[in-house]
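# Coordinates in review
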Amino acid sequence: MNLHLIVLLAYSLLLMALGLWIGRRVRGASDFFVAGRELGPGLMFSTMLAANIGAGSTVGATALGYTNGLSAWWWVGSAGIGSIVLAFWIGPAMRRQAEAHSLRTVGDYLEYRYGSSVRALAASVLWIGSLFILAGQLWAMGSIVNAVAGIAPWGGCVIGGAVITVYFAAGGLLTSARVNVVQLAVKMIGFALALPLALQAVTGGTRGLLSAQPTSDYLEFWRTGSPGLSTLAIIVPPFIVSPGLLQKIFGARDDRSVRTGVGLNAAGLLAFAIVPALLGMIARAEFPSLASADSALPMLLVHALPPLVGAIGLAAVFSAEISASDAILFMLTTSLSQDFYRRFVNPSADDRRVLRVARWTAVASGTLGTLLAIALGSVVNALTIFYTVIGVSLFVPIVAGLYVRRTSSAGALMSMVAGVCVALGLHVGTGGRGWGLLTPAMAGLAAAVVVWVISLAAAPDTKSS
C-alpha cells in the first residue's frame, strides 16, 4: 500500500466534503463574492496566508533553491514585502471604497473610478493572466502525484483541478475562507516536521549541504539577478494589487481586520521564505541529478523522510497548491461572472442567476486551467507570466486611483496597454531574459508609470474619486 497516496486522496476527499457542507450556507451572490463582508482578523490571516503559500512558494521556490541556492528566499520574501504595503496602505483604503460603494470585485472598483472601458480591459488581462497562475498551481500538484504514485503529471493536474472546482464552486469566498483554515494548519504542521528531519537526513550533515554548490554564487543571498533582488520587480507589485487578494480584503469586517490579518500574513511569508530555499538546497545535496527541478520537493519528502512524516509533508504541499488555486479560481470566476456577464451581457440579472453563472464559470475555468497546466509543464514559468502581467497592468490604475485624484480614465487605460505591451514585447524578444538588470516586469512597470505621468500633464481636468 502507498501511504503517501492514501493520505493525499483521503485529504482531497475531506476538503471536497467540507467545502460542500459549508457551501450550503451560501444564500446569494454577496456570500459567494465577499463572504457577507464578515471576515475578522483571524479568517483574514488564514485565508491570505493560505492563498500566498502555494505552488510558487513551495514547489517553485524549492526548485529555485535547488538550482540557485540561498537567493531563492527572495521569491517568497518579496511577496511578504508586498503584503506589508497591502496591509497598511492599499488594503484598508480599498476596503473602505468597497464598503462605501457596495463593490464586489476589483473590476467594480475600476469602473467606479474610471469607467467601463478600463474595467473591460482589466477583466480581459486578469482572466488571461489568472489562467497561467492556475496552471502553475495545478502543475505543481501533478508533480507531487507523479513523485508519490508514478502517475503522469497530467493525471495529478486532473485530480487537483477536480478538488478545487468542487469545493470552490459550492460556496466561493465563504467556503474557501473557512477551508483555508484547515489547509493552513496542515501546511504549518507539515513543514515544521519536514524541515528539521530533512536537515538531519543530509549526507554529511551541514558540511555536506554546504559542499553541494553547483555555482559560485549558490550561497549568495544578495544576488542581483533572478532569483535575487530583481525578483522584487516581479513579485512585489502584484502582491499589492492582485485582484484575488484585494477581493478577499473586500470581505473584511473592518480596517483593523485588514491591517492585523494581512500584516500577520506578511510576517508569516517573510519567516517562511527560508524554508523552501533550504529544502531545495537539501534536495540538491541528496539528489544532484534530477531531470526537473520541480520534482525536488516531492522527491525529498517521499525518499528522504520517514514515511509518515513524508506523507504529512506532502499533504502540506498539496494543501499549499489547493489553497492558492482556489484564490486564482476566485479571480477567474468573479472576472467572468461579475465583470463580464453581469456588467455587459445581462445587467438585469438577479443574484440567483449571477450565482448560478459564477458556479458554472468556476467549473469552466478549472477545466481550462487544467488543460493549460498540461501544456505549459512548469511552475515558475507559468507564475512569472502571471505576476508580470498583473503587476504591469493593474499597479498604476489601482494605486494612482486611490491617491492621485487627477488620474483619468484615458491615463489608466493607456498605462495598462503600455505596461503589458512593453513587458510582453521584451519577454518575447529576449526569451524572458530582459536586458541585463532590466527585466520584462521592470520595463513594463516603468512604461506604465511614464505613460501615466504624461497623461497627468496632458489632461489635468479629470474625474475625481
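The shown structure was predicted, so the numbers you read here are calculated from the model rather than taken from an experiment. (Residues numbered from 1 in each chain as written. Predicted model: local features only at pLDDT ≥ 70, side-chain atom pairs only at ≥ 80, totals over all residues. Heavy atoms only, no water.)

Let us look at the overall build of the protein. Helix and strand content of the protein: 19 helices and 0 strands. Compactness check: the protein gives a C-alpha radius of gyration of 21 Å against a globular reference of 23 Å for 465 residues, within 12% of the reference. Projecting the C-alpha coordinates of the protein onto the three principal axes gives extents of approximately 70 × 50 × 40 Å. A total of 465 residues make up the protein; the buried ones form 60% of that total. Of the roughly 16,500 Å² of accessible surface on the protein, a fraction of 67% belongs to carbon and sulfur atoms. Within the protein, one finds 28 positive and 17 negative side-chain charges whose respective centroids are separated by 4 Å. (Helix = DSSP H or I, 4+ residues; strand = E, 2+ residues; numbered from the N terminus. Rg over C-alpha atoms; globule rule 2.2 N^0.38 Å. Buried < 20%, exposed > 50% of the residue type's maximum accessible area, 1.4 Å probe, protein only. Areas by Shrake-Rupley, 256 points an atom, 1.4 Å probe, with all protein chains shown as cover. Lys, Arg positive; Asp, Glu negative; His and termini not counted. Charge placed at Lys NZ, Arg CZ, Asp CG, Glu CD.)

Taking 1.5 Å as the rise per residue, helix α13 (residues 274-286) with 13 residues should run 18 Å; its terminal C-alpha atoms sit 18 Å apart, in good agreement. Three or more residues of α13 are buried, namely Val275, Pro276, Ala277, Leu279, Gly280, Met281, Ile282, Ala283 and Arg284. Of the surrounding secondary structure, the elements contacted by the buried residues of α13 are α4 (56-68), α5 (73-101), α8 (153-201), α9 (205-211), α12 (255-272) and α14 (296-303). (Expected span 1.5 Å × (residues − 1). Contact = heavy atoms within 4.5 Å.)

Let's shift gears to empty space enclosed by the protein. Inspection of the entire model under this criterion finds 4 cavities of 30 Å³ or more. Taken as a whole, the largest cavity encloses approximately 240 Å³ of empty space. Lining the largest cavity are 23 residues; nearest its centre among them are Ala51, Asn52, Ile133, Phe239 and Tyr387. Mapped by element, the contributors of at least two residues to the lining of the largest cavity are α3 (41-52), α4, α5, α7 (116-149), α10 (231-241), α11 (243-249), α15 (307-345) and α17 (379-403). Sort the elements by how many residues they give to the lining of the largest cavity and α15 lands first, with 4 residues. Here the residues of the lining of the largest cavity sort into 16 nonpolar, 7 polar and no charged. Volume-wise, the second largest cavity comes out at about 50 Å³. Lining of the second largest cavity is provided by Leu5, Leu8, Leu9, Ser12, Val145, Ile159 and Phe318. Among the elements that line the lining of the second largest cavity, the one with the most residues is helix α1 (residues 3-23), at 4 residues. Broken down by class, the residue content of the lining of the second largest cavity amounts to 6 nonpolar, 1 polar and no charged. (1 Å grid on protein atoms, 1.4 Å probe; cavity = no way out; pocket = protein on both sides within 12 Å on 5 of 7 lines; lining within 4 Å. Points joined across faces, edges and corners; volume = space filled by probe spheres on them. Nonpolar A, V, L, I, M, F, W, Y, C, P; charged D, E, K, R; others polar.)

Moving on, we come to the packing of helix α18 (residues 409-430) against helix α19 (residues 440-458). Relative to each other, α18 and α19 sit at 155°, their axes nearing to 7 Å. Considering the angle they form, α18 stands roughly antiparallel to α19. Note that α18 runs across α19; the crossing there is right-handed. Counting all contacts with α18, which are made through Gly411, Met414, Ser415, Ala418, Gly419, Val422, Ala423, Leu426 and His427, the residues of α19 involved are Pro440, Ala443, Gly444, Ala447, Ala448, Val451, Trp452 and Ser455. Broken down by class, the residue content of the contact of α18 with α19 amounts to 11 nonpolar, 6 polar and no charged. (Axes fitted to C-alpha atoms, helices over the stretch in contact; angles between N-to-C directions. Parallel < 35°, antiparallel > 145°, perpendicular 65-115°, else oblique. Left-handed = near helix turned anticlockwise from the far one by under 90°.)

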